[in-house]
Amino acid sequence: MTSAAQPLDSAAMERASRSKTLQLLGILSGFTAGAWLGAAEAPTKLVSTGISPMAISLIMVIGVFLARWSLPALILGTSSIRADVRRAPHLIIWAILAGCLWAVANTLTIFAIRDIGLSIAFPLWNSNSLLGIFWGFLFFNELRQAGWRRWTGVLGGALVMCVGATLLAIASSAQGPAGHSFRGVWAALGAGVLWGTMYIPYRKAYLTGMNPLSFVTFFTFGELGMMSALAIGYTGFAPLWKELLAARSVVFWLMLGGFIWVIGDLFQQYAAKYVGISRGIPLSNSNQFWGLLWGILVFGELHGRSSSTYAQVVGGSLLMMLGVGAVAFSSASGEEQTRWKEAAQREGRRYGVAADYVEARMDGRQAAGELAPSRSVWDWLLVAAASAVFVVFATMARVPQMSLHWGPAALLVAALLVLLFICTLALWRTTRFH
Amino acid sequence: MESIGNKKASASRLSNVLTDVHFWVPVVVLLAGLLLLSFMR
């Protein structure tokens with residue numbers, strides 16, 4: 001009796017320990033995502049006005065496109081992406097759909113900021129995490145059988161973060177609304193709904209076993225295609241081209257912003273994979289806190305402002321950290337994870353994806369019989385071509401004349417690199433990026 | 001034979017996508033977003 005029960009117990013304990021490790025990995029990925037997504041704003045601050053927001057978005061998305069192909073090729077190789085697509089080809093549709101949702105939401109935020117100002121617009125579209133929690137619960141069994149303590153932690157944490165974000169947005173807004181308030185509120189709410197709904201494809205892909213590195217390569221076709229269509233539709237091809245040519249000296253900074261954003265987004269994808277969208281999204285929404293740190297410490301944005309502004313910043317930051325802590329300490333219980341697995345099995349059955357593949361990928365392992373990823377000469381060529389584009393634009397870039405505080409900048413860069421190193425190492429050791 | 005099998009699998013996959021609520025919710029939200037953008041102009 002005892003000898004038969006012992007291996008069973010040991011297997012169950014191993015599963016529980018693996019699951020706990022993956023949860024911690026997801027939380028760490030969420031933190032790292034917040035830091036890198038927030039830092040993505042820094043290069044864009046080097047760009048002075050004179051370029052339309054639509055052109056700025058398009059140039060950033062071009063940088064994002066290059067990064068979304070070169071980083072996965074560098075980390076795992078495109079053979080791994082092809083293998084993923086062969087196993088679950090239907091997910092390409094969701095990846096492109098998610099990219100389109102992102103581009104439309106991003107464009108709506110431009111209108112929202114213009115019409116009602118950042119301080120009102122940001123909290124409205126930041127509600128996307130609440131919608132993410134709702135979709136996660138409704139469609140993917142997240143927070144099912146989680147108990148009131150975890151519900152309070154996740155929902156309460158997300159709400160506290162929204163309040164903190166509101167305070168930070170009020171403190172960081174430079175000017176008041178410019179009119180058309182009704183239109184601006186609709187634009188901000190619309191962006192929140194689009195971004196919140198974008199997490200449905202994310203979660204669907206990761207429950208079915210797709211690697212985040214594969215998902216983002218197709219996501220970016222939707223992102224670039226929709227952004228190009230919107231930019232051409234709004235500006236016209238010839239004026240847009242003229243504007244892009246005139247912006248040659250700042251293209252590098254904007255593309256660099258896009259590149260940094262992709263690193264943050266990759267960690268956000270791993271967070272969504274290992275802790276679900278209900279927890280992963282609020283954690284990575286801490287990017288606003290990091291963005292403000294860059295703004296205040298490096299660019300001196302609040303210099304000379306009133307003490308009440310600083311009080312708002314301190315209060316908002318504390319609330320953000322409190323909310324992040326509440327979400328981070330509400331990791332999924334064993335019962336909830338069983339419900340996640342049920343959702344994953346349902347997806348596998350519906351689309352004919354092998355159950356062992358789905359299960360292995362949920363555990364961050366390679367499936368049995370799956371070939372080890374390898375890089376070919378094409379992958380290196382892809383990386384070299386993307387790097388060459390960045391180098392060419394770097395040679396054209398002009399360093400703007402503005403006062404920067406290099407000490408805090410060095411500290412923030414060091415913090416980013418430490419987080420990148422720790423999180424990458426943890427992902428590599430635990431999952432080999434599967 | 002294999003080609004017929006592949007075609008059947010593709011057709012069935014497409015029908016699974018088109019009857020999946022996870023597909024239609026983002027599609028509807030995307031169309032609503034585009035509509036909202038056109039009003040913004």
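See above for the structure.
Residues numbered from 1 in each chain as written. Chains lettered and ligands numbered in written order. Predicted model: local features only at pLDDT ≥ 70, side-chain atom pairs only at ≥ 80, totals over all residues. Heavy atoms only, no water.

Draft legend 1. Helix H13 (residues 277-284) of chain A, seen in detail. Burial runs high along H13 of chain A: eight of the eight residues are buried. All buried positions along H13 of chain A are accounted for by Ile277, Ser278, Arg279, Gly280, Ile281, Pro282, Leu283 and Ser284 of chain A. (Buried < 20%, exposed > 50% of the residue type's maximum accessible area, 1.4 Å probe, protein only. Helix = DSSP H or I, 4+ residues; strand = E, 2+ residues; numbered from the N terminus.)

Draft legend 2. Representation of the layout of surface pockets. Residue and element names in this part refer to chain A. A volume near 570 Å³ is recorded for the second largest pocket. Lining the second largest pocket are 25 residues, and of these Ala16, Ser19, Lys20, Gln23 and Gln337 sit closest to its centre. Elements with a minimum of two residues in the lining of the second largest pocket: helix H1 (2-39), helix H12 (248-275) and helix H16 (334-351). When residues of the lining of the second largest pocket are assigned to their parent elements, the largest contribution, nine residues, is made by H1. (1 Å grid on protein atoms, 1.4 Å probe; cavity = no way out; pocket = protein on both sides within 12 Å on 5 of 7 lines; lining within 4 Å. Points joined across faces, edges and corners; volume = space filled by probe spheres on them.)

Draft legend 3. Summary view of the interface of chain A and chain B. At the interface, 32 residues of chain A touch 20 residues of chain B. Interface of chain A and chain B: buried area, both sides summed, is about 2300 Å²; carbon and sulfur atoms make up 77% of it. Considering only the surface of chain A that becomes buried against chain B, Leu97, Tyr234 and Arg350 of chain A emerge as the three largest contributors, covering 23% of it. Run the count over chain A and chain B and you get two salt bridges. One salt bridge connects Asp20 of chain B with Lys204 of chain A, and the closest N-O pair in it is separated by 2.8 Å. On inspection of chain A and its partner chain B, the count reaches nine residue pairs in polar contact (both at pLDDT 80 or more). For the side of chain A that touches chain B, the secondary-structure elements that each account for two or more residues are helix H5 (91-116), helix H7 (128-140), helix H9 (181-208), helix H10 (212-235) and H16 of chain A. Of the residues forming the side of chain A that touches chain B, the biggest block, 10 residues, is contributed by H9 of chain A. (Contact = heavy atoms within 4.5 Å. Buried area = accessible area lost by both parts, 1.4 Å probe. Salt bridge = Lys/Arg side-chain N within 4 Å of Asp/Glu carboxyl O. Polar contact = N/O pair within 3.5 Å; in protein donor to acceptor, adjacent residues only side chain to side chain.)

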